[in-house]
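Coordinates in review
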Amino acid sequence: MMISKRPPSALRAFLRSEASGGILLMGAAALALVVANSPLADTYFHTLHLMAGPMSLAHWINDGLMALFFLLVGLEIKREFVDGHLSSWADRGLPAIAATAGMIVPALIYLAIAGPVPGLARGWAIPAATDIAFAIGVMAILGSRVPASLKLFLTTVAIVDDMGAVAVIALAYTSGIHGPALLAAAIIMGVMFVLNRVGVQKLWPYLGLAVLLWLAVLLSGVHATIAGVLAASLIPIRVTPGAPDSAESPLHRLEHGLHKWVAFGIVPLFGFANAGVSLKGLGMEHLVAPLPLGVAGGLFLGKQLGVFLAVWLCARFGIAQRPGGATWLQTYGMCLLCGIGFTMSLFVGGLAFSDPLLIDEVKIGVLGGSLVSALAGYLVLRVAAERKKVQD
């Protein structure tokens, strides 16, 4: 009976939900573009700006619901580092190096293109993150043509990538700090830490305190979604080697409970609310303006260069080997998919700029860079699979 109650493998469930959720996210983004350029455009934009209590509907999605997305991100990071594929320094090495290079190179390319324009340097982090749901969704379309090792490597790189994105949001996009609210957040985290240390395994006390933590962080000036990651770090996890998806582990119970809501609800809703950009009146001069060009160039060129060169150099100098069972061409195709920065890039873009015109340019750059990366990655992985089949 205990075996029958055991949840499915966390990693397999993660890949399945991310793949399906990624495909749904693609549809939500496409629908947003269609609606934003249809007779329903006014209704679409007006609805997003409707006030619901202290915040607009768009802010509730971006600052409220996305806190649950970041809670899930935090849970995945903690699981992988404590009891998963990043639990040892040997396992962390290559993904950490690849993810770091995959954040630095896109930022440099963005700064080279858009940085010289006054006020645009603030967007340097927009092309620095990979959208794992979108990327895994493209891999899902390819099915067995993609080695499992590449899916796992992309997942671990994206998890490390998310850590960097969270740090950037907390440090680079934080407004004026409100001391009392920040102190309240620290006290709430202290209570959660004590509950963890004394062995409280029930989830409800942690979830109740997480809501209070979100409110305190929101009032402190630090972006509210960071509360999700902070709360996740204090959710108890039961280390079970060989079965890291134990039904007795509070972290795994919460992670499995959140996955479907985030993958099939929150992330597609965020995509629909943020991908809509009116193309009316936009000419070629807008498409090749420094901001969208810098974002698209950072995603398409920067991501593939950073991640692939990191993997190649590590293999060349014996630091680590490329993912097992994958050719160099397949590895390069996976690196191209790292240029899909949809969810996190749109999120960071909304933090970096407040001017609606600049935000629209960010959306154009993110959509363009992500689309080209997705198509190029798909084609390279498909061709690579056919070549490998012939060679075998």
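This text follows the structure it describes.
Values in this document were obtained by computation on a predicted structure and should not be read as measured data.

Here we come to the packing of aromatic side chains. One pass over the full model with this rule turns up nine aromatic pairs. An angle of 25 degrees between the planes, with centres 6.2 Å apart, marks the rings of W60 and W214 as stacked. Note that W60 is positioned in helix α4 (residues 57-83) and W214 in helix α9 (residues 204-220), a separation of 154 residues in sequence. Of the residues examined, W214 reaches a relative accessible area of 16% and is grouped as buried. Within the aromatic cluster, the residues linked to one another by ring pairs are F69, F70, F270 and F347. Between R316 and the ring centre of F317, over which it is positioned, the NZ or CZ distance is 5.6 Å.

Right, let's talk about the nonpolar core for a bit. In this structure, F70 and F342 are the most contacted members of the largest nonpolar core, which totals 109 residues. A per-element tally of this core places helix α7 (residues 148-172) first, with 11 residues. Once residues within four sequence positions are removed from consideration, F70 is found in contact with V166, I169, T225, G228, V229, M344 and F347.

As enumerated under the stated definition, the model contains two salt bridges in all. Residue E255 is joined to R79 by a salt bridge in which the shortest nitrogen-to-oxygen separation is 2.6 Å. With E255 in helix α11 (residues 250-274) and R79 in helix α4, this pair connects stretches of sequence that are 176 residues apart. In this structure, D161 and K303 form a salt bridge, with 2.6 Å as the shortest nitrogen-oxygen distance. Here the residue D161 occupies a position in helix α7, and K303 occupies one in helix α13 (residues 290-316), the gap between them amounting to 142 residues. For the residue pair D161 and K303, the accessibility class agrees, reading buried in each case.

Basis of the calculations
- Residues numbered from 1 in each chain as written.
- Predicted model: local features only at pLDDT ≥ 70, side-chain atom pairs only at ≥ 80, totals over all residues.
- Heavy atoms only, no water.
- Phe/Tyr/Trp six-rings, centres within 6.5 Å; stacked < 30°, edge-to-face > 60°.
- Helix = DSSP H or I, 4+ residues; strand = E, 2+ residues; numbered from the N terminus.
- Buried < 20%, exposed > 50% of the residue type's maximum accessible area, 1.4 Å probe, protein only.
- Lys NZ or Arg CZ within 6 Å of the ring centre and 35° of its normal.
- Core = buried A, V, L, I, M, F, W, Y, C linked by side-chain atoms within 4.5 Å.
- Contact = heavy atoms within 4.5 Å.
- Salt bridge = Lys/Arg side-chain N within 4 Å of Asp/Glu carboxyl O.

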